Amino acid sequence: MFNLPVTNIGGSELFVLEFGDIVNYFSVYTAALFAFALIFTALAIVSRPEKMVDIAFGGDAYYTKEIDPGLLRFQRFMAIACGLATLGAVVSGDVFNFTLFVSMVGITNIGIVAAYKNKHVLNAAFQYGIVAMLATVPLFGGAAIVLATTGTLSLWELYTAAVAVPLIAKIFLVLGVMGEGMAPFYIAKAEITRAQGAPFILMVHVSSLLVFLRVVEIVISM
Amino acid sequence: MDQVYVLGLLVVFAGVLIGFYALMRERDDLHRILLTDLAEILALALIALVATDLAEALILPGLVVGISELLAVSEVYLAKEDLRTPPTAPPFRIEVMESAPGIMALILVAYGIILSGFTGGAVAAVGAIFYFLCRGQNEQFAIIETVSGYAWVFWIGAFFIFMLLPAYWFFAVMIAGGAILVKVMAKMSLIGTMRGGEHV
């Protein structure tokens, strides 16, 4: 019943998950992304966070940092939520669902970064939050223009040759994903990654990478 | 694409340009949050321009995502600027605020239960909020949270009945109506009361 119209990027579909008229699909490409996200979500669930050690410059002295278990618990929760949102984003068969999952990745990324109570890190998280909020304008705008010009949001329809998606909608989608998943590329990256809790901070990078790879597939196939 | 849509699109793009330029110029962090919120309205305007039933259905998730991002950024701002101060006792005493809440809350909650559903939840919640505002808040908010959680589960369960056993739709409507009433009421009555209380 379901045949993926474009197979030059994602390969043919392996498995189709149908929720009414919203049909998620696992092609070779999206299944690989899904497996990657699943592995890192599992890591966020089971991993024991590292403890930071600061070494005093020019001497033998070092000190370990106190880490509040409550904050780590929150960070772990946010990392798991981020993993789940990424899982949804990489297999979504609907443009609007994809944008919603991507903005959820953005929100959880803010949460992961902001869990650490340090003035500089919070500053970086705030700036990132502003960018992520602004990015919803092109993100939802792109999905809305797709809907207005083609009359559908389903990727199954949009991938067919008969449906032409305007370039501006594609640009908007990419811009939106860039804004939401920009944490790893942010100018204050050093501040963000200085926050403790290595496995959880890692989720910021993984989720951004995966949603980027997914939006590339969507935009080229459309 | 008709001309009205293109015209609307141009207006929204002009708004986006103005909004982004304003954000570029603004230096005060609080003002930037407010400007960002204004810019998000433009995303909703872009969806609304589609002007179909589907667009109407898409505005709600768009709005929810916008509000949740706004809440997250505001929390980060509060933590960043160290703006958390414990709530203080009200500076003045108003007689009617001690006598009215009981009866007013009772009437509103009763009327909300008659209305049921989302609207009923909102009406009943106004009664509950009025009560908490006037009488202070020493209740166990964890219990309200728990009730809200269970109500949410019932609500979702009702949707599964719709999907799997459509013949029992009336039963599902009743469950969903009651559960959303409890959920909205419980959630709304927590507004403004969660921060800094002793049972939080």
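Residues numbered from 1 in each chain as written. Chains lettered and ligands numbered in written order. Predicted model: local features only at pLDDT ≥ 70, side-chain atom pairs only at ≥ 80, totals over all residues.

## Quick notes on the overall build of chain A
Okay, so step 1: A tally of helices and strands in chain A yields eight helices and four strands.
Okay, so step 2: Along chain A, from the amino end to the carboxyl end, the secondary structure elements read β-β-α-β-β-α-α-α-α-α-α-α.
Okay, so step 3: Taken across its 222 residues, chain A has 47% of its residues classed as buried.
Okay, so step 4: For chain A, contacts bridging at least 24 residues in sequence account for 68% of all contacts bridging at least 6. (Helix = DSSP H or I, 4+ residues; strand = E, 2+ residues; numbered from the N terminus. Buried ≥ 20, exposed ≤ 12 C-beta atoms within 10 Å, placed from the backbone. Contact = placed C-beta atoms within 7 Å.)

## Focus on the overall build of chain B
Okay, so step 1: Summing up its helical and strand segments, chain B has seven helices and zero strands in all.
Okay, so step 2: Along chain B, helices and strands appear, N-terminal first, in the series α-α-α-α-α-α-α.
Okay, so step 3: Expressed as a percentage of the 200 residues in chain B, the buried residues total 24%.
Okay, so step 4: Once local pairs closer than 6 in sequence are excluded, the contacts in chain B between residues at least 24 apart make up 61%.

## A closer look at the UniProt feature "transmembrane region" (unreviewed entry) in chain A
Residues and elements named next belong to chain A.
Okay, so step 1: Per the UniProt entry, the sites bearing "transmembrane region" (unreviewed entry) are residues 22–46, 74–92, 98–116, 128–147 and 200–220 in this numbering.
Okay, so step 2: End-to-end, the C-alpha atoms of residues 22–46 are 32 Å apart, and along that stretch the chain is 76% helix and 24% strand.
Okay, so step 3: Helix makes up 100% of residues 128–147 and strand makes up 0%, while its end C-alpha atoms are separated by 28 Å. (UniProt positions renumbered as here; feature names shortened; annotations may be inferred.)

## Examining the interface of chain B and chain A
Okay, so step 1: Taken together, the contact pairs 30 residues of chain B with 27 residues of chain A.
Okay, so step 2: Broken down by secondary-structure element, the contributors of at least two residues to the side of chain B that touches chain A are helix H1 (3–25), helix H2 (29–48) and helix H3 (53–81) of chain B.
Okay, so step 3: Top element by residues in the side of chain B that touches chain A is H3(B). It accounts for 16 residues.
Okay, so step 4: Looking at the side of chain B that touches chain A, its residues break down into 21 nonpolar, four polar and five charged. (Nonpolar A, V, L, I, M, F, W, Y, C, P; charged D, E, K, R; others polar.)

## Regarding the UniProt feature "transmembrane region" (unreviewed entry) in chain B
Residue and element names in this part refer to chain B.
Okay, so step 1: Per the UniProt record, "transmembrane region" (unreviewed entry) is annotated on residues 6–24, 33–52, 100–133 and 153–182.
Okay, so step 2: Across residues 33–52, helical content stands at 80% and strand content at 0%; the span's end C-alpha atoms are separated by 31 Å.
Okay, so step 3: Across residues 153–182 one finds 87% helix and 0% strand; the C-alpha atoms that close the span lie 11 Å apart.

## Comments concerning the domain arrangement of chain B
Okay, so step 1: Along its sequence, chain B is carved into domain 1 (3–81) and domain 2 (96–188).
Okay, so step 2: Its C-alpha centre places domain 1 of chain B at a distance of 30 Å from the equivalent point of domain 2 of chain B. (Domains from an automatic or database assignment.)

## Details of the nonpolar core
Okay, so step 1: Of all hydrophobic cores here, the largest spans 84 residues; its most connected members are Ile110(A), Ile112(A), Ala125(A) and Ala144(A).
Okay, so step 2: Broken down by element, the residue count for this core peaks at 20 residues, all from helix H4 (residues 119–150) of chain A.
Okay, so step 3: Beyond its immediate chain neighbours, meaning those up to four positions away, Ile110(A) contacts Ala125(A), Tyr128(A), Gly129(A), Ala132(A), Ala72(B), Val73(B) and Val76(B).
Okay, so step 4: Among the nonpolar cores identified, the runner-up in size contains 19 residues, and Ala105(B), Val109(B), Ala179(B) and Met185(B) belong to it. (Core = buried A, V, L, I, M, F, W, Y, C linked by C-beta atoms within 7 Å.)

## Quick notes on H2(B)
Okay, so step 1: An ideal rise of 1.5 Å per residue puts 28 Å on 20 residues; H2(B) measures up with 29 Å between its terminal C-alpha atoms.
Okay, so step 2: For H2(B), the set of buried residues is Arg32(B), Leu35(B), Thr36(B), Ala39(B), Glu40(B), Leu42(B), Ala43(B), Leu44(B), Ala45(B), Leu46(B) and Ile47(B).
Okay, so step 3: Packed against the buried residues of H2(B) are H4 of chain A together with H1 and H3 of chain B. (Expected span 1.5 Å × (residues − 1).)

## Quick word on unusual backbone geometry
Okay, so step 1: Even without being a glycine, Ala51(B) presents a positive backbone phi close to 60°.
Okay, so step 2: Among the secondary structure elements, Ala51(B) is positioned in the loop between H2 and H3.

## Some words on helix H1 (residues 28–46) of chain A
Residues and elements named next belong to chain A.
Okay, so step 1: Look at H1: 27 Å from first C-alpha to last across 19 residues, which is about the 27 Å you get at 1.5 Å a residue.
Okay, so step 2: Those residues of H1 that fall on the buried side of the exposure criterion are Thr 30, Leu 33, Phe 34, Ala 37, Phe 40, Thr 41 and Ala 44. All buried residues of H1 project into a common sector of 135° when viewed along the axis, lining one side. Facing away from the buried side of H1 by over 90 degrees, the exposed positions are Ile 39, Ala 42 and Val 46. (Arc of directions from axis to C-beta.)

## Quick look at the packing of H2(B) against H3(B)
Residue and element names in this part refer to chain B.
Okay, so step 1: At a minimum axis distance of 9 Å, the contact between H2 and H3 shows a crossing angle of 170°. By the angle between their directions, the pair H2 and H3 is classed as roughly antiparallel. The residues of H3 that touch H2, namely those facing Asp 29, Leu 30, Ile 33, Asp 37, Glu 40, Ala 43, Leu 44, Ile 47 and Ala 48, are Ala 55, Leu 58, Ile 59, Gly 62, Leu 63, Gly 66, Leu 70, Val 73, Ser 74 and Tyr 77. (Axes fitted to C-alpha atoms, helices over the stretch in contact; angles between N-to-C directions. Parallel < 35°, antiparallel > 145°, perpendicular 65-115°, else oblique.)

## Topic: the environment of Gln127(A)
All names here are of chain A.
Okay, so step 1: You can see Gln 127 is positioned in helix H4.
Okay, so step 2: Overall, the presence of 19 C-beta atoms within 10 Å leaves Gln 127 in the partly exposed class.
Okay, so step 3: Along the sequence, Gln 127 and Thr 30 sit 97 residues apart, while their C-alpha atoms lie 31 Å from each other.

## Some details on the packing of H1(A) against helix H2 (residues 69–91) of chain A
All names here are of chain A.
Okay, so step 1: Running from N to C, H1 and H2 cross one another at 170°; their axes reach a closest spacing of 9 Å. On the basis of the axis angle, H1 is roughly antiparallel to H2. Where H1 approaches H2, its residues Thr 30, Leu 33, Phe 34, Ala 37, Leu 38, Phe 40, Thr 41, Ala 44 and Ile 45 are matched on the opposing element by Arg 76, Ala 79, Ile 80, Gly 83, Leu 84, Thr 86, Leu 87, Val 90 and Val 91.
Okay, so step 2: A per-class count over the contact of H1 with H2 returns 13 nonpolar, four polar and one charged.

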